[in-house]
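Remarks on the overall topology
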Amino acid sequence: MARTTLDFEYGGKDYSLAYTIDVVKRLDRSGLIAEIVNGNRPLTMTEDLFKAAFEANHPTVSNRVRENILLELKEAAEDGSLLECLLEMLNEARESISPKGNVEWRMNRGDKI
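An account of the accompanying structure is given in this report. Given the structure is predicted, the values throughout are model-derived calculations rather than measurements.

This part is about the environment of histidine 58. Its place among the elements puts histidine 58 in the loop between helix H3 (45–52) and helix H4 (63–72). Here histidine 58 is in contact with Lys13, Asp14, Tyr15, Ser16, Leu17 and Arg66, once residues within four sequence places are set aside.

Let us look at the nonpolar core. Core analysis: the biggest nonpolar cluster contains 25 residues, and Tyr19, Leu27 and Phe50 have the highest contact counts within it. Those elements giving two or more residues to this core turn out to be strand E1 (6–10), strand E2 (13–17), helix H1 (21–30), helix H2 (32–37), H3, H4 and helix H5 (82–95). When residues in this core are grouped by element, the largest group, five residues, is from H5. With residues up to four places along the chain from it excluded, the contact list for leucine 27 reads Tyr19, Leu32, Ile33, Leu49, Ala52 and Leu90.

Because each turn of an α-helix spans 3.6 residues, side chains separated by three or four positions end up pointing in the same direction. When H4 is considered as a whole, its buried residues turn out to be Arg66, Ile69 and Leu70. One face of H4 carries all of its buried residues, which in axial projection span an arc of 100°. Opposite the buried face of H4, at more than 90 degrees from it, the exposed residues are Arg64, Leu71 and Glu72. For H4, the elements touching its buried residues are E1, E2, H3 and H5.

Before going further, it helps to spend a moment on the environment of lysine 25. In this fold, lysine 25 is placed in helix H1. Once the C-alpha coordinates of lysine 25 and alanine 93 are considered, the two residues, 68 residues apart in sequence, prove to be 9.8 Å apart.

Another aspect to go through is H1. Those residues of H1 lying buried are Val23, Val24 and Leu27. On an axial view of H1, the arc spanned by its buried residues comes to 100°, and they lie on one face. Exposed side chains of H1 directed beyond 90 degrees from the buried face belong to Asp22 and Arg29. The secondary structure elements touched by the buried residues of H1 are H2, H3 and H5. Positive backbone phi, approximately 95°, marks glycine 31, located one or two places after H1.

Another point: the environment of glutamate 55. Relative to the elements of secondary structure, glutamate 55 occurs in the loop between H3 and H4. Glutamate 55 sits in the partly exposed class, given a relative accessible area of 27%. Separated by 34 residues in sequence, glutamate 55 and methionine 89 have C-alpha atoms that sit 13 Å apart. If near-sequence neighbours (up to four positions away) are discounted, glutamate 55 is found in contact with Val23, Arg26 and Arg66. Among the polar contacts made by the side chain of glutamate 55, one reaches the side chain of arginine 66 at a distance of 2.7 Å.

Cut-offs used in this document
Residues numbered from 1 in each chain as written. Predicted model: local features only at pLDDT ≥ 70, side-chain atom pairs only at ≥ 80, totals over all residues. Heavy atoms only, no water. Helix = DSSP H or I, 4+ residues; strand = E, 2+ residues; numbered from the N terminus. Contact = heavy atoms within 4.5 Å. Core = buried A, V, L, I, M, F, W, Y, C linked by side-chain atoms within 4.5 Å. Buried < 20%, exposed > 50% of the residue type's maximum accessible area, 1.4 Å probe, protein only. Arc of directions from axis to C-beta. Polar contact = N/O pair within 3.5 Å; in protein donor to acceptor, adjacent residues only side chain to side chain.

Here it is in structure tokens:
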């Protein structure tokens, strides 16, 4: 499945940001995804999601450079706001690890022999 990416050029270099399954799991374990779902951290969620999106294709880019790029980006484009695009990419990666529903299961409470 092709994943959506956030592509741009900055300082003469091309960037293609995306989320991997490992990054999504790390964000979930850190509590960021729950914070977003609950509507918390509105001031920092865009920054946190943007910085994390470098991990798939540009893990060696420093946080300072990531912050500088974020400060220079336009807040919105024809595809929507930066936050909307990052959330769409995050959801796409998250859905790829959700149960597919192909295996039936049942709970055995020990009362059937």
